Structures are given as C-alpha cells and as structure tokens.
Amino acid sequence: MNLNKKRDLETFYKYCKNEIKFGWMDQNGGRHTGINDGKTYSLQSPEELMTSKLGICWDRTELYRDYFDKNTDLKYETYYLFYEDYKGCPSHSILVYYKNNKVYWFEPEFLNNEYDYSGIHEYNTLNELLVDFKKKWLNLAIINEWIPKNIKKRIYLSISMIDLSFISMALK
C-alpha cells in the first residue's frame, strides 16, 4: 500500500488488520513475536513497518499518525496507557480522530484468541472513549496475565497524549 495515495479509511483499516502482524523488531533487525523486550526493541518508522509488516502498538500508532497526516483532513491525537510495574510497564498506544462531532478509536490490532475489540469505535466524547479504552485494555491485560488480577489494589495508570514522532527522531 502506498501511503502517499488517498485511500479511504476502511481500506486502510483492513490493510492494517490483515497485513501487519503483531510482533516487534529489535535493534539488529531481528524479528520477534509476542511482547517486546524494552532493552532491545526498536521503534520503526512508518516506512520500516510497511516493509517488515510486523509491529506492536507503538509502531502501528506511528503508521496511523503518518496515514492520517498525509491522507486525511481529520483532527487526530495519540494516547497511551500503561501499568507501572517497575519491570516493563505493560502498555498500549492508540490513535483517536474526530469527525462529525464524534470521536473515534482507530484500532486494527486489539485482540488475542480470547478477546477481540478491533474496529473503528464511535463515541460521543473523548472522555467516554478514554474510559472505555482503559476498561478494554485492563480486560485484555488481565486475560493475557500482563498485570495481576488484584489490580484495584496496585494500579497506577496514566493516559496521556504523546508525540511518538519526536521520540522516533530522537532515537535516530
């Protein structure tokens, strides 16, 4: 898929869902499945992700940002959510966009064998979206045992906007 050509959002969504697999690239170009290793993980540029077709949410969110920037006139923002466990901080990043007085969660990859919330989800407000994001991510994280089941007693979660392109540039 050429990111410089105008494509409708549904086509881009289907491409991301069907063609880009969950996994990560290390600093030496090695391919890995599953959760990334924070010590050797390397954030991919959108172009690198289109070549490798293997990425975690951080890589994918950069691709989504690039697509929305080059191919739409929609206002968009990126957010991340993480659980501070002092080991690896399980997390997830997303892109949200605004259209016709609604806010949308663009999510082609939110799934495993037991839990699938992939889709383009519509909300009335950003707060409604972020509350749902937190709830859905906690459910998935508990199912996958990324965080403990007794989370209510130990949780420290943060939702913030970030500019991953700044991080990407700083790492090069």
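Section: the confidence of the model for the protein chain
Any residue range with low pLDDT should be treated as having predicted coordinates unsuitable for detailed reading.
Here comes step 1: On average, the protein chain scores 78 in pLDDT, and the residues at 70 or more come to 74%.
Here comes step 2: The weakest mean pLDDT in the protein chain belongs to helix H6 (residues 164-171) at 41; the strongest belongs to helix H2 (residues 46-52) at 94.
Here comes step 3: Low pLDDT (under 50) marks residues 153-172, which in the prediction has 43 contacts with non-local residues, meaning those over four places away or in another chain.

Remarks on helix H1 (residues 9-19)
Here comes step 1: Taken together, the buried positions of H1 are occupied by Leu9, Phe12, Tyr13, Tyr15 and Cys16. Summarising the axial view, the buried residues of H1 lie within an arc of 160°, below the 170-degree limit, and thus occupy one face.
Here comes step 2: Elements in contact with the buried residues of H1: H2, helix H3 (57-71), strand S6 (91-99), strand S7 (102-107) and strand S8 (119-123).
Here comes step 3: The residue sitting at the N-terminus of H1 and contributing the capping side-chain oxygen is Asp8; that oxygen lies 3.0 Å from the backbone nitrogen of Glu10.

Concerning empty space enclosed by the protein
Here comes step 1: Under the criterion given, the structure shown has one cavity of 30 Å³ or more.
Here comes step 2: Approximately 40 Å³ is the volume found for the largest cavity.
Here comes step 3: Lining the largest cavity, in full, are Cys57, Arg60, Thr61, Tyr64, His92, Ser93, Ile94, Leu95, Phe106, Glu107 and Glu109.
Here comes step 4: Contributions of two or more residues to the lining of the largest cavity are made by H3, S6 and S7.
Here comes step 5: For the lining of the largest cavity, the residue count by class is five nonpolar, three polar and three charged.

Some points on the packing of aromatic side chains
Here comes step 1: If you walk through the whole model with that rule in mind, you get 11 aromatic pairs.
Here comes step 2: Seen from their ring centres, Phe12 and Phe106 are 5.8 Å apart, and the 10° between their planes marks the pair as stacked. In this pair, Phe12 sits in helix H1 while Phe106 sits in strand S7, placing the two residues 94 residues apart along the sequence.
Here comes step 3: By relative accessible area, which is 1% here, Phe106 ends up buried.
Here comes step 4: Pairing Phe68 with Tyr97 gives two aromatic rings, centres 5.1 Å apart and planes at 40°, and the pair type is tilted. Of the two residues, Phe68 sits in helix H3 while Tyr97 sits in strand S6, which places them 29 residues apart along the sequence.

Cut-offs used in this document
- Residues numbered from 1 in each chain as written.
- Predicted model: local features only at pLDDT ≥ 70, side-chain atom pairs only at ≥ 80, totals over all residues.
- Heavy atoms only, no water.
- pLDDT = per-residue confidence, 0-100.
- Helix = DSSP H or I, 4+ residues; strand = E, 2+ residues; numbered from the N terminus.
- Contact = heavy atoms within 4.5 Å.
- Buried < 20%, exposed > 50% of the residue type's maximum accessible area, 1.4 Å probe, protein only.
- Arc of directions from axis to C-beta.
- Polar contact = N/O pair within 3.5 Å; in protein donor to acceptor, adjacent residues only side chain to side chain.
- 1 Å grid on protein atoms, 1.4 Å probe; cavity = no way out; pocket = protein on both sides within 12 Å on 5 of 7 lines; lining within 4 Å.
- Points joined across faces, edges and corners; volume = space filled by probe spheres on them.
- Nonpolar A, V, L, I, M, F, W, Y, C, P; charged D, E, K, R; others polar.
- Phe/Tyr/Trp six-rings, centres within 6.5 Å; stacked < 30°, edge-to-face > 60°.

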